[in-house]
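Observations on the model geometry
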Amino acid sequence: MQKIKKMVKNKGFFMSIIVITLTLVCGASNNNLFAHTKVGFDNLINELENKAIIKDTIFVFEPKRWGIVEGKVSDEIALNNRNILNSVMAELKKVGINTMKIGVMDAYFKVDVNSINRQTNFDASIQVPSDFNLVMSDGTYIRVQPNSEATYTLMTVYLKDNTTITGGHLVGDRFEHDYSPTKDNHNVSRDEHGWGFLLWIIGSENIVIDNVHLSKATGDGLVFHSKTLRNTDGTLGPTNREVNNVLVKNLTIDECRRNGLSVLDGRNITIDNCNITNTGNGSQAYDANGAKIFSASGVAPKYGIDLEAIRTRDDNGILEETALIENITVKNSNFTGNTSGDIVLYTASHVIVENNYFDKWISNKASDNVKITNNIFESRDPSYFAIAVNSFKDPFGKELNHDYLISGNTVTNYSVGIRVAGENQEVSNNTIIDCTTGIYFVSNLINGNFKNNKINSSLSVSYGYRNFRNSNNLENVIVSNELINVRHRPISFIDILNLSNSGTPQITFQNCNFTTSSTNFKLYINKGKNIKFQNNYSNTSFDIINSENIVLINNDTFN
């Protein structure tokens, strides 16, 4: 050991790297814990020194040479594995090496904590620096050491810039986890165990995540959040940082227990060519008293992607915008087997969802300026809806779901193709095939423009347009140039606008083609008001019952 110390003294440029490695060797309770030999240690020093001299910015990490112990290990060894990886990345960055490559490695890392605090999770995680490329191979498996804590984060990018993570497998402990009831460091019950994350991007900018496989988290696969909460007006405080300018591409996110990917705060995030599958699967168990028994089975929300800026209102109903989600794009991706749904637009603005494949649905809570275009929806269960845009108003009556464009989508085998409410909505150029109902009106639809949609169903019971019973407050809804061919009623409205006090048309159908396989089924309106049909064609006739102000102008119908 004296000879090694002398070496350190003579190589001052690399003293920090050598001292860290020496500490790990000397501090280990079992010298066999690490794979260093005298020759191997000399070679590591010379290798790094030579790279710096020739300005080689790429370092190939060899797990055994640096002391990583692969396979199932004790908590102590898994903690050492984490410390080794963090020390190497930190020291590489200090000497100007900005890329670390990891080849074949299958190891466990202890990262669990007893807190949902972001700083605390970062401290216990594998930490990727700024201005750094972590390049993993298909043979790289970084696994969560199985534990009983409700919270962990396997890898973080925390308050960093210009970081790239490529390749590899990040694997959670979902099916080895101990789900015993637990409380966090503030004595808050965390029995759900839903905060185990694989990759958490916090307050960081210019980030690329490429070709990473994330699976089996007790919580979410990939999460985005700001450093801390925003000011109540949505601005960042002087020390706060947001997630901004992130590209997520070619990912596979599979079998995560809570959500596949969650954006809790962030702007300008693109998700491209990803596969997000089997989120939240498994049945909830209950005890004899009806209380939930938490296990590896999924926990809510159980969505493929959840865009959820968690915000509150003060005592006067004023929004406290302490989280913000803007300018999110999800494209060219596949969503299959996600339990609760594929994407929930909970609280987000300026979202693009295009050219994706879905086998369940897109839903919303309170989001605006959303484009859902050119996607394919093929339901794995014909009881589902494909796209649901609901109405949600603030305490002052302002509609929070507005300015949606739903266009160019192909929807097949759903109970309801598209369900629409809110303000300033356009639904156009969609093809809806073999759905029980093509398009469904619900209350609080203002300024709706439906045009050039094709609804074609061979189902024995199938409808073109229907409404939820007692649908009211529909205003300035225009339906034009629709091609509807179903086996039941092309139009079936019951209790629509029946409470309206207006005397003018509120819904207009114009230049549409309504076809049914049996002329016994009519264009049916029962207890409706204020609907105009003009310049339409149908192979059946109208059946209008107990209705007022149904205006028929120049329609070509079979009588």
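The structure displayed is predicted, hence computed values, not measured ones. (Residues numbered from 1 in each chain as written. Predicted model: local features only at pLDDT ≥ 70, side-chain atom pairs only at ≥ 80, totals over all residues. Heavy atoms only, no water.)

1. With respect to the overall build of the protein chain
Across its full length, the protein chain holds six helices and 49 strands. The principal-axis extents of the C-alpha atoms in the protein chain amount to approximately 105 × 50 × 45 Å. Taken over 559 residues, the protein chain has a buried fraction of 53%. Partitioning the intrachain contacts of the protein chain with sequence separation of at least 6 by distance along the chain shows that 66% fall at a separation of at least 24. As presented, the protein chain carries roughly 22500 Å² of accessible surface, and 47% of it is formed by carbon and sulfur atoms. (Helix = DSSP H or I, 4+ residues; strand = E, 2+ residues; numbered from the N terminus. Buried < 20%, exposed > 50% of the residue type's maximum accessible area, 1.4 Å probe, protein only. Contact = heavy atoms within 4.5 Å. Areas by Shrake-Rupley, 256 points an atom, 1.4 Å probe, with all protein chains shown as cover.)

2. Digging into helix H5 (residues 75-94)
Helix length check: H5, at 20 residues, gives a terminal C-alpha distance of 29 Å against a target of 28 Å (1.5 Å per residue), a fit within 8%. Buried within H5 are the following residues: Ile77, Ala78, Asn80, Asn81, Arg82, Ile84, Leu85, Asn86, Val88, Met89, Glu91 and Leu92. Positioned one or two residues after H5, Gly96 has a phi angle of 90 degrees, which is positive. (Expected span 1.5 Å × (residues − 1).)

3. A look at the nonpolar core
Phe61, Met100, Phe441, Tyr465 and Phe509 are the most contacted members of the largest nonpolar core, which totals 117 residues. A total of six residues in this core trace back to one element, the largest contributor, which is strand S38 (residues 437-451). Membership of the second largest hydrophobic core comes to seven residues, among which are Phe122, Tyr158, Trp200 and Ile202. (Core = buried A, V, L, I, M, F, W, Y, C linked by side-chain atoms within 4.5 Å.)

4. Some words on the packing of aromatic side chains
Enumeration according to the criterion identifies 16 aromatic pairs in this entry. Where Phe122 meets Tyr158, the ring centres are 4.5 Å apart and the plane angle is 20 degrees; that geometry is what we call stacked. Here Tyr158 lies in strand S8 (residues 151-158) and Phe122 lies in helix H6 (residues 118-123), a separation of 36 residues in the sequence. Considering the side-chain rings of Phe358 and Phe377, the 4.8 Å spacing of their centres and the 25 degrees angle between planes classify their relative orientation as stacked. Linking Phe358 in strand S29 (residues 357-358) with Phe377 in strand S32 (residues 376-378), this pair joins segments that are 19 residues apart in sequence. Residue classification places Phe358 among the buried positions, given a relative accessible area of 0%. Take Phe377: its relative accessible area is 0%, and that puts it in the buried class. Site record: aromatic cluster; members linked through ring pairs are Phe441, Phe450, Tyr465, Phe493, Phe509, Phe514, Phe533 and Phe542. (Phe/Tyr/Trp six-rings, centres within 6.5 Å; stacked < 30°, edge-to-face > 60°.)

5. Some words on the confidence of the model for the protein chain
Interpretation of this model should avoid reading the predicted coordinates in detail wherever pLDDT is low. When pLDDT is averaged across the protein chain, the result is 92; 90% of the residues are at 70 or more. Counted against residues more than four places away or in other chains, residues 1-39, with its pLDDT under 50, gives 56 contacts. (pLDDT = per-residue confidence, 0-100.)

6. Let's talk about the pattern of salt bridges
Under the definition given, this model contains 14 salt bridges. Across the pair Arg65 and Glu62 runs a salt bridge whose closest N-O atoms are separated by 3.1 Å. The exposure class assigned to Arg65 is partly exposed, which follows from its relative accessible area of 21%. For Glu62, a relative accessible area of 33% translates into the label partly exposed. The shortest N-O distance in the salt bridge between Glu242 and Arg267 comes to 2.5 Å. Here Arg267 lies in strand S18 (residues 266-272) and Glu242 lies in the loop between strand S14 (220-225) and strand S15 (244-249), a separation of 25 residues in the sequence. With a relative accessible area of 6%, Glu242 lands in the buried category. A residue is classified by how much of its surface remains accessible, and Arg267, at 22% relative accessible area, is partly exposed. One network of salt bridges, with partners in common, ties together Arg230, Glu242, Asp265 and Arg267. (Salt bridge = Lys/Arg side-chain N within 4 Å of Asp/Glu carboxyl O.)

7. Description of the environment of Lys393
Relative to the helices and strands, Lys393 is located in the loop between strand S33 (385-389) and strand S34 (402-407). Looking at Lys393, the relative accessible area reads 35%, which means it is partly exposed. Counting along the chain gives 51 residues from Lys393 to Asn444, while the straight-line C-alpha distance between them is 9.6 Å.

8. A word on the pairing of strand S36 (residues 416-428)
As paired elements, S33 and S36 share four bridges and run parallel to each other. Counterpart to Ala388 in the pairing with S36 is Arg419. Pairing of S34 with S36 involves five bridges; the strand directions are parallel. What sits directly across from Ile406, in S36, is Val427. By the bridge criterion, ten bridges tie S36 to S38 in an arrangement that is parallel. (Pairing = 2+ DSSP bridges.)

9. Comments concerning the side chain of His488
Turning to its location among the elements, His488 is positioned in the loop between strand S42 (483-486) and strand S43 (491-496). What makes His488 buried here is its relative accessible area of 13%. Setting aside residues no more than four positions away along its own chain, His488 makes contact with Ser460, Val461, Ser462, Tyr463, Thr516 and Phe521.

10. Some remarks on the state of the cysteines
The full count for this structure, using the stated rule, is zero disulfides. Among the cysteines around Cys256, which has no disulfide bond, Cys274 carries the closest sulfur, lying 13 Å off. Cys256 gets classed as buried once you look at its relative accessible area, which sits at 1%. (Disulfide = S-S within 2.5 Å.)

11. Digging into the environment of Gly67
Note on placement: Gly67 falls in the loop between helix H4 (63-66) and H5. The buried category is assigned to Gly67, whose relative accessible area is 1%. Note: C-alpha distance between Gly67 and Glu242 (175 residues apart in sequence) is 36 Å.

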